[in-house]
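Residues per chain, in single letters:
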Amino acid sequence: MTTRIFSGMRPSGKLHLGNYLGAIKNWIALQDAPDTATCIFAAVDLHAITTPYDPATFQKNINDVLLDYLAAGVDPKRSLLIRQSRVPQHAELMWLLSTITPVGWLERLPNYREKLTQVAEMTPSFGFSGSVPPGKDVMQHAREQASTILDKKSYQNNLSLLAYPVLMAADILLYKADLVPVGDDQLPHIELTNEVGSKFNHLFGETFPNVRPFVAPGARIMSLQDPTKKMSKTGDDGIALTDSPDEIRGKIKRATTDSGREIMFNETDKPGISNLLTIFSTLSGAAIDKLERDYAGKSYGDFKADLAEVVVGFLEPFQRRRAEFAADPATLAHILTESEEKARIVAAEHLAEIHQKMGLR
Ligand code: TRP
């Protein structure tokens, strides 16, 4: 049995250690596994634009994520590296699948409900004014208005928030992928993918395989400031894969620790130290109980100083490879052109079959 793998991340800001340990590390392991037939790793730009973003820096964000993938070890000889919007069949399949996806299945999804709360916290007004103030350059006015529309003010309960998981199902089913490495917050979306896939099979004939999620064992990295929340952004909360050694040392020094002084793994009583132990253990390969023994009687400060060097040492070769790719944009451009072309061929073939089955051809 060969495996087809698809995964993606939204290009919305720099990737951090949590993204690496929770996701990309598994991509690389799966890419290198013997029964893997194809891997497709995507910067899911069409998903990223469902939340407020800046068009002026968007291409840079996409580029940053792709460089992170390559530096982490995505191997263009074995895997395809694509930008979702460059393979137009993703959006087309989303539409086709939307015709068999009841709105009720989407409304109950936890990620959608969470987005709705975020939307409710923002100003609901839509501030576009069509008329150009006297004496003002039309283009200048349009640009200013456009940046207003695309910022927080346009973050409403848009159709795309509800349809988001249908696009994700399309990403996966377009390639008939059967294994999807994801964070555990994405499990409801994988379930929806299977519900939509089997409904299609039932209505139009056997087409899509069952999709299995692959969740990394024990690699949930939490925020350094609030260890009860997932590491989600950089700043002091997260360590970006591109942070300098001094930034890393400072962030780890400032990381929240717990009361008491023992270095012990206990997620309820000592969430801060437990998170730091997880990071230490995953990056160094040392078991957590071995670390606990090694640091018995030592201070939080000693432990943090050693952890900082482990992180710095781990990121050093990553950052060297990233700098090499960044200095050579032609190579990345070539990888993308080739990958996206191959992806479009598979996608077109599957979409033709889907069209046929649905009676569109
Ligand atoms: N929704 C995913 C996330 O927010 C990103 C994503 C989009 C994805 N399409 C996908 C992940 C397909 C796996 C497979 O993390």
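1. Brief notes about the layout of surface pockets
Alright, step 1. The calculated volume of the second largest pocket comes to roughly 270 Å³.
Alright, step 2. In this structure, the second largest pocket is lined by 16 residues; those nearest its centre are Leu-46, Ile-49, Thr-50, Thr-51 and Ser-160.
Alright, step 3. Those elements that place two or more of their residues in the lining of the second largest pocket are helix H4 (89-98) and helix H8 (159-174).
Alright, step 4. Considering each element in turn, the lining of the second largest pocket owes the most residues, 4 residues, to H8.
Alright, step 5. A class-by-class count of the residues in the lining of the second largest pocket yields 11 nonpolar, 5 polar and no charged.

2. Comments concerning the pairing of strand S3 (residues 79-83)
Two faces, one strand: in a regular strand the side chains alternate between the faces of the sheet.
Alright, step 1. Burial runs high along S3: 5 of the 5 residues are buried.
Alright, step 2. Of the two faces of S3, the one carrying Ser-79, Leu-81 and Arg-83 and the one carrying Leu-80 and Ile-82 are both buried.
Alright, step 3. Summarising the sheet, strand S2 (residues 36-43) and S3 pair through 5 bridges and their orientation is parallel. The residue bridging Ala-43 from the neighbouring strand is Arg-83, located in S3.

3. Examining the pairing of strand S1 (residues 3-9)
Alright, step 1. By the criterion of burial, S1 is predominantly enclosed, with 5 of the 7 residues buried.
Alright, step 2. In the sheet, S1 pairs with S2 via 7 bridges, with the strands oriented parallel. Bridge pairing in S2 links Arg-4 to Thr-38.
Alright, step 3. Since S1 and S2 lie parallel, the crossover through helix H1 (residues 17-31) that links them has a hand, and here it is right-handed.

4. A short note on the site of the ligand
Alright, step 1. Around the ligand lies a shell of 13 residues, among which Arg-10, Tyr-164, Met-168, Asp-171 and Gln-186 are the nearest.
Alright, step 2. Interatomic distance of 3.2 Å between a side-chain N/O atom of Arg-10 and an oxygen atom of the ligand.
Alright, step 3. Separating a nitrogen atom of the ligand from a side-chain N or O atom of Gln-186 is a distance of 3.0 Å.
Alright, step 4. For the ligand, the accessible surface in isolation is 370 Å², of which the surrounding protein chains cover 93%.
Alright, step 5. The set of elements that each furnish at least two residues to the shell around the ligand consists of S1 and H8.
Alright, step 6. With 4 residues, H8 is the single largest residue contributor to the shell around the ligand.
Alright, step 7. Of the residues contributing to the shell around the ligand, the split by class is 7 nonpolar, 4 polar and 2 charged.

5. Thoughts on the environment of Gln-84
Alright, step 1. Looking at where Gln-84 falls in the secondary structure, it is placed in the loop between S3 and H4.
Alright, step 2. For Gln-84, a relative accessible area of 0% corresponds to the buried category.
Alright, step 3. Sequence separation between Gln-84 and Pro-271 is 187 residues, and the spatial gap between their C-alpha atoms is 37 Å.
Alright, step 4. Beyond its immediate sequence surroundings of up to four residues, Gln-84 is in contact with Ala-43, Val-44, Asp-45, Leu-46, His-47, His-90, Leu-167 and Asp-171.
Alright, step 5. Side-chain polar atoms of Gln-84 contact the backbone nitrogen of Leu-46, separated by 2.8 Å.

6. Concerning the domain arrangement of the chain
Alright, step 1. Per the domain assignment, the segments of the chain are domain 1 (3-119 + 161-220 + 329-358) and domain 2 (245-325).
Alright, step 2. On a C-alpha basis, the centres of domain 1 and domain 2 stand 31 Å from each other.
Alright, step 3. Contact residues are listed per partner, giving 14 residues for domain 1 and 11 residues for domain 2.
Alright, step 4. Its largest share of buried area at the contact with domain 2, domain 1 owes to Leu-17, Leu-67 and Ala-71, together 41% of the area lost on that side.
Alright, step 5. If you look at where domain 1 meets domain 2, you find 2 salt bridges.
Alright, step 6. Between Arg-322 and Asp-68 there is a salt bridge, and its shortest N-O distance comes to 2.6 Å.

7. Here we look at H8
Every α-helical turn comprises 3.6 residues, leaving residues that sit three or four positions apart pointing alike.
Alright, step 1. For H8, with 16 residues, the first-to-last C-alpha span of 21 Å sits near the 22 Å given by 1.5 Å per residue.
Alright, step 2. Largest kink in H8: about 35 degrees, centred on Pro-165.
Alright, step 3. Counting buried positions over the 16 residues of H8 gives 14, a clear majority of the element.
Alright, step 4. Immediately downstream of H8, the backbone of Lys-176 shows phi near 50 degrees, a positive value.

8. Points about the packing of aromatic side chains
Alright, step 1. As enumerated under the stated definition, the model contains 10 aromatic pairs in all.
Alright, step 2. Relative to Tyr-175, the ring of Phe-6 lies with its centre 5.7 Å away and its plane at 10 degrees, an arrangement referred to as stacked. Placement of the pair is Phe-6 in strand S1 and Tyr-175 in the loop between H8 and strand S4 (179-181), with a sequence separation of 169 residues. One exposure class covers both Phe-6 and Tyr-175, and it is buried.
Alright, step 3. Within the aromatic cluster, the residues linked to one another by ring pairs are Trp-27, Phe-41 and Tyr-69.

So, how was this worked out
- Residues numbered from 1 in each chain as written.
- Predicted model: local features only at pLDDT ≥ 70, side-chain atom pairs only at ≥ 80, totals over all residues.
- Heavy atoms only, no water.
- 1 Å grid on protein atoms, 1.4 Å probe; cavity = no way out; pocket = protein on both sides within 12 Å on 5 of 7 lines; lining within 4 Å.
- Points joined across faces, edges and corners; volume = space filled by probe spheres on them.
- Helix = DSSP H or I, 4+ residues; strand = E, 2+ residues; numbered from the N terminus.
- Nonpolar A, V, L, I, M, F, W, Y, C, P; charged D, E, K, R; others polar.
- Buried < 20%, exposed > 50% of the residue type's maximum accessible area, 1.4 Å probe, protein only.
- Pairing = 2+ DSSP bridges.
- Right-handed = clockwise from strand over helix to strand, strands pointing away.
- Near = heavy atom within 4 Å.
- Polar contact = N/O pair within 3.5 Å; in protein donor to acceptor, adjacent residues only side chain to side chain.
- Areas by Shrake-Rupley, 256 points an atom, 1.4 Å probe, with all protein chains shown as cover.
- Contact = heavy atoms within 4.5 Å.
- Domains from an automatic or database assignment.
- Buried area = accessible area lost by both parts, 1.4 Å probe.
- Salt bridge = Lys/Arg side-chain N within 4 Å of Asp/Glu carboxyl O.
- Expected span 1.5 Å × (residues − 1).
- Bend = angle between axes of the 7 residues up to and from the residue.
- Phe/Tyr/Trp six-rings, centres within 6.5 Å; stacked < 30°, edge-to-face > 60°.

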